[in-house]
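# Fold and contact review
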Amino acid sequence: MKLNKNQFKEDYIKRLTLTFAQTPTEASLEHKYLALGKLVRDYITEMWADTNNTYVKKQSKQIYYFSMEFLIGRLLNSYLLNLNIRNTVQDGLKDLGIDLEELLAVEPDPALGNGGLGRLAACFMDSLASLGLPGHGCGIRFKHGLFNQKIVNGYQKELLNNWLKEDFLWEIKKPEKSVVIKFGGNVVLTKTHHGLEPVYSGCEEIVAVPYDIPILGSSRETVNTLRLFSAELPDEEIDLGGLQKGDYQKYIDKKYAVEAISQVLYPDDSSFQGKLLRLKQEYFFVSAGLQTILKKYRKLKEPIHRFSDFIGIHINDTHPAIAVGELMRLLLDEEKLDWDTAWDITVKTLAYTNHTILSEAMEKWPYDMFRKTIPRILMIIEEIDRRFCEEINKKYNNDIYKINSMKIIYNGEIRMANLAIVGSHSVNGVAKIHTEILKSRELKDFYLFYPEKFNNKTNGITHRRWLKNANPELYKLVIENSGNECIEDTNKFINFLKCTNDEDVLQKLDKIKLNNKEKVVRFVKRNYNIDINPFSIFDVQIKRLHAYKRQLLNVFHIMYLYNQLKENPELDIVPRTFFFGAKAAPSYYLAKNIIKLITSVAEVVNNDASIRNKIKVVFLENYGVSIAELIIPAGDVSEQISTASKEASGTGNMKLMMNGAITLATLDGANVEIYDEVGDDNIVIFGLTSQEVMELEKNRSYNYKEFLDSNPDLQKIIHQLKDGTFSSNHDEFNDILNHIFGEGDPYFVLKDFPAYIDAQFKINTLYENRKGWLQMCLANIAHSGKFSSDNSIKNYAEDIWHIKEVKKGE
């Protein structure tokens, strides 16, 4: 976009005046932010309309990415960068006495996701638009999203996240495009001249109202759409007399029950009501998305049998897998197609990404809950399952084991991963090793049945958010020394390797890292009143808290290091600051107990003068995108220590790598591909391999007691969990102790502990050689370009979606 400073100032003052009847000197900080945001939205909106018109005019095939999460982060700075007007805006505001950085800090952090799944979806949206590809997102407009995490006396407390207390600046409400979603009631199939048609009675009707957010690409002026749906009561006349007679509370209860669908991300599913709400959420946004897509398709005046030539729908994990049944419903009941034609269109339209190796994480729903909540969808899934079982029987000659392994409805449950596989033309994993494990173990029977469906698409991250936006000085250094072609093609980051022995570049790299660390030092002092050393090693583990991600292994190492320093305060180590950022699901008590252990260890370690500040521990409360943008550029060590074979891919590993952190990792998920890129000299690998873990699990041959009995350091750590060292309550960490002793250390924390200690010692030794360390940092940055989400999306576009860049004006 072409914009000079004077034109911007004129536009901004006019917008401020028209919106708030104020001058820059009179306006509050919030009004200044809102005026800038509305002005930027004006700049974007024309391109947005132009993009949509171009897609229609050229009859481009469009992809719709269905995801429960879109962790998009703050958008204003990204918009300014992608419009290429940030410097102009900053200078213009400065002339008016306004600090752009202060305005950027006003923007709320949208609570539309939890972790890697939502951040990946956001990166993919950015890459689709930046590559000029016709692709949009579809999800839920969560009013409160994921909870706000508060640490109180070391315990996680979940508070309501009120990020959407005001209308979201970037969204445009589209009530005219609302659709009705039906839940419950009874459905009876009746014969008509069209065949069997469903007749509904006693259904609960909910209105899905779309809110559109522009997704602005870099350079190409492509603006795609993220459409989020909000649940509302249908418009109806309200009997005022009835309300006055006492029906008011019934109305309020009904309104709350409906709106609850779009209130909170991942309601606690440990109860029946929480599980039911999750199912309603998933069907709600899938049905709403598909209905609006089908309405839009009808306007093309193309025959319905060509639907998959113009529309592709991607299922991001199993949450939207119900799309298989819903698309069939729409094609059968609304479009009046026969079963075979509808099924052919459905399979050609849908594609599925699996994001987990853990079989227990693949969603399953109780049959009775499905029957009572979405009865018509259950009818359709039962027929899909019946026909699929016939196919299995034909191929495997009534092999009961195969049927039970693969059928969609089994043992009183609907298996959503099975449904997604059967109803999609493509099934992909998200890292090479993850895909191979799916094919050889978790989904082996499906792979043997549908080998042509399975493929790998390694995850990626957008460098525009995680380098250009989060670490602009490093981005500038990379571009200056690798060529301007890096701006659009991150594979050219590899050119940065030519600076491996350039002392000037290495010094600049060192200074940039120190500046980023000093920002974190100020943040930690301001928010937690903890003094940390910017010259210490910043050791970072920031990810959703789960036992397989092994935050427990990390904190055990800190306890070990603390014990070493207590025995020998003169121990010669590089000072280390350990950062944790993680939320635990409200009903995941083990994870919450691990958070309590981390905060308890931090309390003791940070206040023990005898260890001379050689180690500090910081738990980053309420970790999210904005905190990630602060801590990732400052990280020295990237903790990617999940139990091998358990992590599908990971993307935090890629973000930290791109910002010059050294990966300390097991050979799990995308760590394997990072290792292949950077080689032995630029990564620290430890622990069991995936094959070794799977063998131990298969043979049940792991005896944690052997490792505990032979390791005095581990024995001391375990003893400290109950002897009062870190808590006066000797039963405080019983959940952790039960995880190890009662469950048998299922994620091999004790077995991998000695190798982890050795790996941490190696990190200390490597860091002492500053030049060598900086050369490792540089190598990681140079090789990180491969893990751009631009590369991932190009592979999806070519291999799965079959879409191409749409150029305007051609």
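Conventions used here
Residues numbered from 1 in each chain as written. Predicted model: local features only at pLDDT ≥ 70, side-chain atom pairs only at ≥ 80, totals over all residues. Heavy atoms only, no water. Helix = DSSP H or I, 4+ residues; strand = E, 2+ residues; numbered from the N terminus. Rg over C-alpha atoms; globule rule 2.2 N^0.38 Å. Buried < 20%, exposed > 50% of the residue type's maximum accessible area, 1.4 Å probe, protein only. Core = buried A, V, L, I, M, F, W, Y, C linked by side-chain atoms within 4.5 Å. Contact = heavy atoms within 4.5 Å. Pairing = 2+ DSSP bridges. Phe/Tyr/Trp six-rings, centres within 6.5 Å; stacked < 30°, edge-to-face > 60°. Lys NZ or Arg CZ within 6 Å of the ring centre and 35° of its normal. 1 Å grid on protein atoms, 1.4 Å probe; cavity = no way out; pocket = protein on both sides within 12 Å on 5 of 7 lines; lining within 4 Å. Points joined across faces, edges and corners; volume = space filled by probe spheres on them. Nonpolar A, V, L, I, M, F, W, Y, C, P; charged D, E, K, R; others polar.

## Topic: the overall build of the chain
Looking only at helices and strands, the chain features 32 helices and 23 strands. Taken over the C-alpha trace, the chain has a radius of gyration of 27 Å; the compact-globule value for 810 residues is 28 Å, and the two agree within 12%. For the C-alpha atoms alone, the extent of the chain along its principal axes is close to 90 × 75 × 65 Å. Put simply, the chain has 810 residues, and 60% of those count as buried.

## A few points about the nonpolar core
Ranked by internal contacts, the top residues of the largest apolar core, which has 147 residues, are Tyr-12, Leu-36, Trp-170, Phe-284, Phe-370 and Trp-801. Ranked by residues supplied to this core, first place goes to helix α8 (residues 272–298) with 12 residues. Those residues in contact with Phe-284, other than ones at most four positions away along the chain, are Ile-181, Phe-183, Ile-206, Val-207, Ala-208, Phe-229, Ser-230, Ala-231 and Ile-261.

## Quick notes on the pairing of strand β12 (residues 350–353)
Going residue by residue along β12, you find Leu-350 and Tyr-352 tucked away on one face and Ala-351 and Thr-353 tucked away on the opposite face as well. The sheet contact formed by β12 and strand β16 (residues 427–429) spans 2 bridges and is parallel. The partner of Thr-353 across the bridge, within β16, is Asn-428.

## Brief notes about the packing of aromatic side chains
Within the structure shown, the criterion is met by 25 aromatic pairs. Note on Tyr-704 and Phe-741: the rings are 5.7 Å apart at their centroids and 75° apart in plane angle, and the pair reads as edge-to-face. With Tyr-704 in helix α27 (residues 704–709) and Phe-741 in helix α29 (residues 734–742), this pair connects stretches of sequence that are 37 residues apart. Look at Tyr-704 and you get buried, because its relative accessible area is 10%. Linked through ring pairs, Phe-388, Tyr-396, Phe-446, Phe-449 and Tyr-450 together constitute an aromatic cluster. We note Lys-453 situated over the ring of Tyr-450; from NZ or CZ to the ring centre the distance is 3.8 Å.

## Looking at the sheet that holds strand β13 (residues 364–366)
Judged by pairing direction, the sheet is antiparallel, and its 3 strands sit side by side in the order β13-β15-β14 without closing on themselves. Each edge of the open sheet carries a strand with a single partner, namely β13 and β14 (409–410). Bridge count between β14 and strand β15 (residues 413–415): 2 bridges; the pairing is antiparallel. Residue Ile-409 lies in a different strand from β15, and its bridge partner there is Ile-414.

## Quick look at empty space enclosed by the protein
For the structure on display, the rule yields 6 cavities of 30 Å³ or more. The calculated volume of the largest cavity comes to roughly 220 Å³. Lining the largest cavity we find 16 residues, and of these Leu-75, Ser-78, Asn-82, Asp-126 and Arg-465 sit closest to its centre. When residues of the lining of the largest cavity are traced back to their parent elements, those giving at least two are α3 (76–82), α6 (116–130), β9 (204–216) and α18 (463–469). Each residue belonging to the lining of the largest cavity can be placed in one class, and the counts come to 9 nonpolar, 3 polar and 4 charged. In this structure, the second largest cavity spans a volume of roughly 100 Å³. Along the walls of the second largest cavity sit Tyr-55, Val-56, Gln-59, Ser-60, Gln-62, Tyr-64, Ile-293, Lys-296, Tyr-297, Leu-300, Phe-310 and Ile-311, which together make up its complete lining.

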